Amino acid sequence: MMLLYLILAYSIAIVLFINRNKIINFSLIGLFLLLQWGFTIYACFHFRSSELDYFSFDSLGILLLLTLSIVSVPAVIHSLIYIKDNKDSAQSRGIYFAAIAGLITSIGAGYLSNHIAVTWIFTELTTLCASALIYHHRNKLALEGTWKYIFICAISITFIFIGILFLSLSLIHAGSSDLSFKNLLANSDKLNPFWLRLSFLFIFTGFTAKLGLVPMYTAGIDAKDKAPGPASALLSSVLMNLGFVGIFRFYVIIANTPLQHWANLVIGIAAFLSIFVATVYMVKVKNIKRMFAYSSIEHTGLVMLGIAAGGIGYYAAILHVVLHAFVKSSLFFQYNQLYKVFQTKNIYQIGNYFKYNTTGAMVLLLGFISAAAMPPSGLFVSEFLIFKALFEANQIIVLIAVLLLLTMIIWAFGKNIFKILFIPAVGFDEKTLIVISPWESATQFVLLAGAVYLGLNPPVQFVQLINESIMQLPI
Amino acid sequence: MINVLLITFLITLFYIAIANRMLTYVKVLALQGVLLFFVVFLQLNEISTLNLVLILLETIIFKSIAVPVFLAYILKRNRITREAEPFLPNFVSLIITTIIVVATILLANSIQDTHLNKIFFVVALSTLFTGLYFIATRRKIITHVMGYLIIENGVFVLSLAVGNEMPMLVNLGIMLDIFASVLILGIFLNKIGDVFKNIDVNQLSNLKDY
């Protein structure tokens, strides 16, 4: 089934790429969604089984695959709206949908792979698809963003490969040559610590380009700025989760070796620096899309802090990843309506949004409350648990510093959002106002409500999936 | 014999550090491909013939013919100036490259590991860091691409060190080579040449927060 899914999905992407007919294009992307959901349901029914040797439907994979499939539906709906409004040429429309389909497939396959090299291959493929999306507008700035993204991702992919090579050197000491996560975990006590250390450094640095963490976060910011809104939503939610999967699966192995404390230190430093960098930029940023992107950096920083703290932090980190995917993608979906009304990304020239598009303004307000982790947002629960984990790990100073930084982020975020919602814009002509159907915001409400529901009243199966994902970590 | 080839490979790094003209860079990249061809031929004697032929073809056709020819074509087509225009003088570059190589040799000597072929490790790691250094200190986008190709060659050397035990990793390295090079070179350099007339990183600073 896995093979069938990959072949069908990639062939749909190729046909989309070649095809120039509008109706065939739209029906193919609908067909792709059906395929994606069919495969997800199949994966849920075959929980804990493996396919093709390199893919297994384990708890973390299923959890994130479900998130991916849920986010991909509004992504396609908003892409259709976006393409219709923009009146793009048949060629760029085809490339856009092909890249969306290819991106979603590659991310899903990356989640499910149980072999570090296979995860790496699908991470490479996401770079290819994402770069086509970033270059969608075909102008100078888009080219600059794409070039930076491709170059940094190419270097980060090379880093991951070097890490895999070092990992294989480490594994030779255990007398084995199978690089699947399962075998690595089974041999974790025999791995050579020196090579494992080097390998962790390189693999961690490599995956930070996708995850959006210090040191390689820069490419992602430019990418999310230049890509069309629905594509940015995918880049800043589910693609970041792919980076998380890469790091987390390797972390599970290293956590079962004496190097766990050292790895926690590395992750903790990178995470704290990410929150710091996000704060610095959030205070200054005037481009709303980049503001959302920096907010994602802050959230991944928190997730990795949860991992570094351990204990309840593991649970909180995975919960946070899922909820953040819902919240941040809904904010990026909303961005397109904002742009349609004001025709600019600059916060100075946007304002009084409640008057022009009440439903959209509601989404923005609720999205802000969710992303800033104020109750009743689901992120409040996960952030609270992360702080609790830091407290229990006796990291009071880190906790206080993070809380101070978060306060500044909420202040900066709130200042900009309330400016957009209530204060009149400079030089905006109301006569050219475009009326937006409230129905276009429906999916965002569903996503935000889903984040609240999963955070405050998580279903039993959901909690079970998270607990099973972190089962192999030492408490 | 492998040692001689790898040391020659290391010397090419010093040569790039003091090279002035863009075409010299291209020629050195081609030479590195040829050196890797012979290293593969001598080193990987335990893997299947078909796989060996594939790897040999990749090094000789892709690394030492296709990529350099394409780079030379881009240089000519976009009328890129012949000088490399580094931010730092060549003498400083030479010193820094030497420091990198010495540091990696010291690092390699501190490792107690019988499974490790030290010369592969030294060459690979110093190539990696020198490549990063070239990327950081050269002004043109195309030199960044060349720095990236140098890094890839270094990674390839490292993958050869474990090639006999795990041939799959060498194949993956080849996949990375072809995929990333085609992505960077094929799709982009032409477009970048058309849009940005003088390909200079200073022009790539328009994406801002405000």
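Residues numbered from 1 in each chain as written. Chains lettered and ligands numbered in written order. Predicted model: local features only at pLDDT ≥ 70, side-chain atom pairs only at ≥ 80, totals over all residues.

## With respect to the overall build of chain A
Stage number 1. Broken down by element type, chain A carries 20 helices and two strands.
Stage number 2. Expected size for 475 residues packed as a compact globule is a radius of gyration near 23 Å; at 21 Å, chain A falls within 12% of this value.
Stage number 3. Seen along its three principal axes, the alpha-carbon backbone of chain A occupies a region of about 75 × 55 × 45 Å.
Stage number 4. Burial status across chain A gives 59% buried among its 475 residues.
Stage number 5. Within chain A, contacts between residues at least 6 apart in sequence are counted, and of these 78% link residues at least 24 apart. (Helix = DSSP H or I, 4+ residues; strand = E, 2+ residues; numbered from the N terminus. Rg over C-alpha atoms; globule rule 2.2 N^0.38 Å. Buried ≥ 20, exposed ≤ 12 C-beta atoms within 10 Å, placed from the backbone. Contact = placed C-beta atoms within 7 Å.)

## Considerations on the overall build of chain B
Stage number 1. What chain B contains, in helices and strands, is seven helices and zero strands.
Stage number 2. Listing every helix and strand of chain B by position from the N terminus yields α-α-α-α-α-α-α.
Stage number 3. Here chain B, with 210 residues, has 40% of them falling under the buried criterion.
Stage number 4. Counting only contacts in chain B whose residues sit at least 6 apart along the sequence, the fraction spanning at least 24 positions is 72%.

## Quick look at the interface of chain B and chain A
Stage number 1. Listed per partner, the contact involves 30 residues of chain B and 34 residues of chain A.
Stage number 2. Those elements giving two or more residues to the side of chain B that touches chain A turn out to be helix 6 (141–161) and helix 7 (167–195) of chain B.
Stage number 3. With twelve residues, helix 7 of chain B is the single largest residue contributor to the side of chain B that touches chain A.
Stage number 4. The residue inventory of the side of chain B that touches chain A, partitioned by class, reads 21 nonpolar, five polar and four charged. (Nonpolar A, V, L, I, M, F, W, Y, C, P; charged D, E, K, R; others polar.)

## As for the nonpolar core
Residues and elements named next belong to chain A.
Stage number 1. Counting 238 residues, the largest nonpolar core has Ile100, Ala101, Leu133 and Leu305 as its most contacted members.
Stage number 2. The dominant element in this core, judged by the number of residues it contributes, is helix 6 (residues 140–172), at 20 residues.
Stage number 3. Viewed by domain, this core spans two of them, domain 1 (1–257) and domain 2 (259–475), each represented by three or more residues.
Stage number 4. Excluding anything up to four places from it in sequence, Leu133 contacts Tyr96, Ala99, Leu103, Ala227, Pro228 and Ala231. (Core = buried A, V, L, I, M, F, W, Y, C linked by C-beta atoms within 7 Å. Domains from an automatic or database assignment.)

## Let's talk about helix 6 of chain A
Stage number 1. In a regular helix each residue adds 1.5 Å, so 33 residues correspond to 48 Å; helix 6 of chain A covers 48 Å between its end C-alpha atoms and thus fits that length.
Stage number 2. Taking burial as the measure, the 33 residues of helix 6 of chain A include 29 buried ones, the bulk of the element. (Expected span 1.5 Å × (residues − 1).)

## Topic: the environment of Asn287 of chain A
Stage number 1. Among the structural elements, Asn287 of chain A can be located in the loop between helix 12 (260–284) and helix 13 (288–309).
Stage number 2. Considered as a pair, Asn287 of chain A and Ile18 of chain A are 269 residues apart in the sequence and their alpha carbons are 35 Å apart.

## Observations concerning the domain arrangement of chain A
The extent of an interface is frequently quoted as the accessible surface area lost upon association of the parts.
Residues and elements named next belong to chain A.
Stage number 1. Looking at chain A, the domain boundaries give domain 1 (1–257) and domain 2 (259–475).
Stage number 2. The gap between the C-alpha centroids of domain 1 and domain 2 is 21 Å.
Stage number 3. Listed per partner, the contact involves 44 residues of domain 1 and 43 residues of domain 2.
Stage number 4. Broken down by element, the residue count for the side of domain 1 that touches domain 2 peaks at twelve residues, all from helix 3 (residues 59–86).
Stage number 5. The class makeup of the residues in the side of domain 1 that touches domain 2 is 27 nonpolar, 13 polar and four charged.

## What about helix 4 (residues 90–112) of chain A?
Stage number 1. With 23 residues, helix 4 of chain A extends 33 Å between its outermost C-alpha atoms, agreeing within 8% with the 33 Å of an ideal straight helix rising 1.5 Å per residue.
Stage number 2. With 19 of 23 residues buried, helix 4 of chain A lies mostly within the body of the structure.

## Concerning the packing of helix 10 (residues 229–236) of chain A against helix 14 (residues 312–342) of chain A
Residues and elements named next belong to chain A.
Stage number 1. The interhelical angle for the contact between helix 10 and helix 14, taken along N-to-C directions, is 165°, at an axis separation of 8 Å. The pairing of helix 10 with helix 14 is recorded here as roughly antiparallel in orientation. Helix 14 is crossed by helix 10, and the crossing has right-handed handedness. Across the interface between the two elements, Gly229, Pro230, Ser232, Ala233 and Ser236 from helix 10 touch Lys328, Ser329, Phe332, Phe333, Tyr335 and Asn336 from helix 14. (Axes fitted to C-alpha atoms, helices over the stretch in contact; angles between N-to-C directions. Parallel < 35°, antiparallel > 145°, perpendicular 65-115°, else oblique. Left-handed = near helix turned anticlockwise from the far one by under 90°.)

## Topic: the packing of helix 6 of chain A against helix 9 (residues 218–226) of chain A
All names here are of chain A.
Stage number 1. Between helix 6 and helix 9, whose axes approach to 8 Å, the crossing angle comes to 150°. Where helix 6 crosses over helix 9, the two elements pack in a sense that is left-handed. Where helix 6 approaches helix 9, its residues Leu141, Ala142, Gly145, Lys148, Tyr149, Ile152 and Cys153 are matched on the opposing element by Thr218, Ala219, Asp222, Ala223, Asp225 and Lys226.
Stage number 2. Across the contact of helix 6 with helix 9, the residue classes break down as seven nonpolar, two polar and four charged.

## A look at the environment of Phe45 of chain A
Stage number 1. Examined against the element boundaries, Phe45 of chain A turns out to sit in helix 2 (residues 22–45).
Stage number 2. In this structure the C-alpha to C-alpha distance between Phe45 of chain A and Phe57 of chain A, which are twelve residues apart in sequence, comes to 9.5 Å.

## Regarding unusual backbone geometry
Residue and element names in this part refer to chain A.
Stage number 1. Here the bond from Val214 into Pro215 is cis, since omega is 10°, no more than 30 degrees from zero.
Stage number 2. One can find Pro215 in the loop between helix 8 (193–211) and helix 9.
Stage number 3. Between Pro375 and Pro376 the backbone carries a cis peptide bond, its omega angle lying at 10°.
Stage number 4. By the secondary structure assignment, Pro376 is in the loop between helix 16 (358–371) and helix 17 (378–392).
Stage number 5. Of note in this structure, Asn394 is not a glycine but carries a positive phi near 60°.
Stage number 6. By secondary structure assignment, the location of Asn394 is in the loop between helix 17 and helix 18 (396–422).

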